[in-house]
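# Architecture and fold: a report
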Amino acid sequence: MADLRDYRLEKLGQEHSRLIWEWRNADHIRPYMNHDGIIALEEHLNWMHAIGEDTSRVVRICYYLDTPAGFVQFSQIDRVHKTCEWGFYIGDKSCPPGSGTMMGILALEHIFQVEQLNKVCAQILDFNQRSLSYHRKLGFIEEGRLGRQRIRNHQPVDVVLMALFREQWEKHSLRLTEEATTGHEGNQDR
């Protein structure tokens with residue numbers, strides 16, 4: 001069972017380039033991304049270089065003990081309006097159940113407490129019920145829907161727009177953090 005004390009976030013470095021590229025192209029991740037095509041290594045390396053210079057992003061790698069486990073990115077950070085988008089995934093399929101929740105707790109604590117933002121937005125493909133449940137578990141609420149926004153298997157799919165506000169997180173995070181350090185977690189995820 002996952003324990004929050006076994007996880008940490010670190011800045012993404014060039015030493016993580018190949019690993020993130022492999023994860024992003026993995027069959028358990030790629031179909032759920034807004035752009036589900038295979039990413040060429042050169043394109044990925046260009047992206048890695050660009051994010052290092054981009055102040056509108058906060059990008060972290062999540063470690064479980066001493067092993068890289070997942071990736072989280074806050075993008076389109078607007079310091080005036082205190083909003084951002086986020087995206088994430090657990091890349092290492094051997095991580096314990098609940099690793100996604102642990103990463104989410106650490107990431108959201110960082111964006112609300114350290115970066116001092118007030119709202120995190122998410123876009124989830126409507127067929128990704130696991131991600132929708134995950135977001136609800138973390139306290140996100142649905143704000144709307146973009147009808148037939150993406151094509152998957154030659155069929156249009158909706159994108160669900162969700163958001164989490166700092167006040168909601170501050171109320172919700174106490175319970176989640178307690179569960180994450182006592183091992184009494186309900187809905188497990190990876």
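Scroll up a little and you will see the structure.
Residues numbered from 1 in each chain as written. Predicted model: local features only at pLDDT ≥ 70, side-chain atom pairs only at ≥ 80, totals over all residues. Heavy atoms only, no water.

## Notes on the nonpolar core
Counting 34 residues, the largest nonpolar core has F74, W86, L108, V120 and F140 as the members making the most contacts within it. Looking at this core, the elements that each hand over two or more residues are β2 (58–64), β3 (67–78), β4 (83–90), α3 (99–114), β5 (119–125), α4 (129–138), β7 (155–165) and α5 (166–182). Each residue touching V120, except ones within four places of it in the same chain, is listed here: F74, C84, W86, L108, I111, F112, F140, M162, A163 and L164. With 11 residues, the next largest nonpolar core counts I20, V59, F71 and Y89 among its residues. (Core = buried A, V, L, I, M, F, W, Y, C linked by side-chain atoms within 4.5 Å. Buried < 20%, exposed > 50% of the residue type's maximum accessible area, 1.4 Å probe, protein only. Helix = DSSP H or I, 4+ residues; strand = E, 2+ residues; numbered from the N terminus. Contact = heavy atoms within 4.5 Å.)

## Structural notes on the packing of aromatic side chains
By convention here, two paired aromatic rings are described through the distance between centres and the angle between planes. Throughout the structure, instances matching the rule amount to 9 aromatic pairs. Taking 6.0 Å as the distance between ring centres and 40° as the angle between the ring planes, the aromatic pair formed by Y32 and F127 counts as tilted. You can see Y32 sitting in the loop between α1 (17–24) and α2 (41–53) and its partner F127 sitting in the loop between β5 and α4, a full 95 residues away along the chain. Judged by relative accessible area, Y32 falls into the partly exposed class, the value being 40%. A residue is classified by how much of its surface remains accessible, and F127, at 35% relative accessible area, is partly exposed. The structure contains a cluster of three or more aromatic residues connected by ring pairs, namely F74, W86, F88, Y134 and F140. Over the ring of Y63 we find R8; its NZ or CZ atom is 4.5 Å from the centre of that ring. (Phe/Tyr/Trp six-rings, centres within 6.5 Å; stacked < 30°, edge-to-face > 60°. Lys NZ or Arg CZ within 6 Å of the ring centre and 35° of its normal.)

## Section: unusual backbone geometry
For Q76, which is not a glycine, the phi torsion comes out positive at approximately 50°. The residue K82 is not glycine, and still its phi comes out positive at about 60°. Among the secondary structure elements, K82 is positioned in the loop between β3 and β4.

## Quick word on the sheet that holds β3
Here we have 7 strands laid out as an open sheet, ordered β1-β2-β3-β4-β5-β7-β6, and mixed in their pairing. Whereas interior strands pair on both sides, the edge strands pair on one side only; in this sheet they are β1 (7–11) and β6 (141–152). The average undirected angle you get between the axes of adjacent strands in this sheet is 30°. Bridge analysis of β5 against β7 gives 7 bridges, and the strand direction is antiparallel. Bridge pairing links L125 to V159 in β7. (Pairing = 2+ DSSP bridges. Axes fitted to C-alpha atoms, helices over the stretch in contact; angles between N-to-C directions.)

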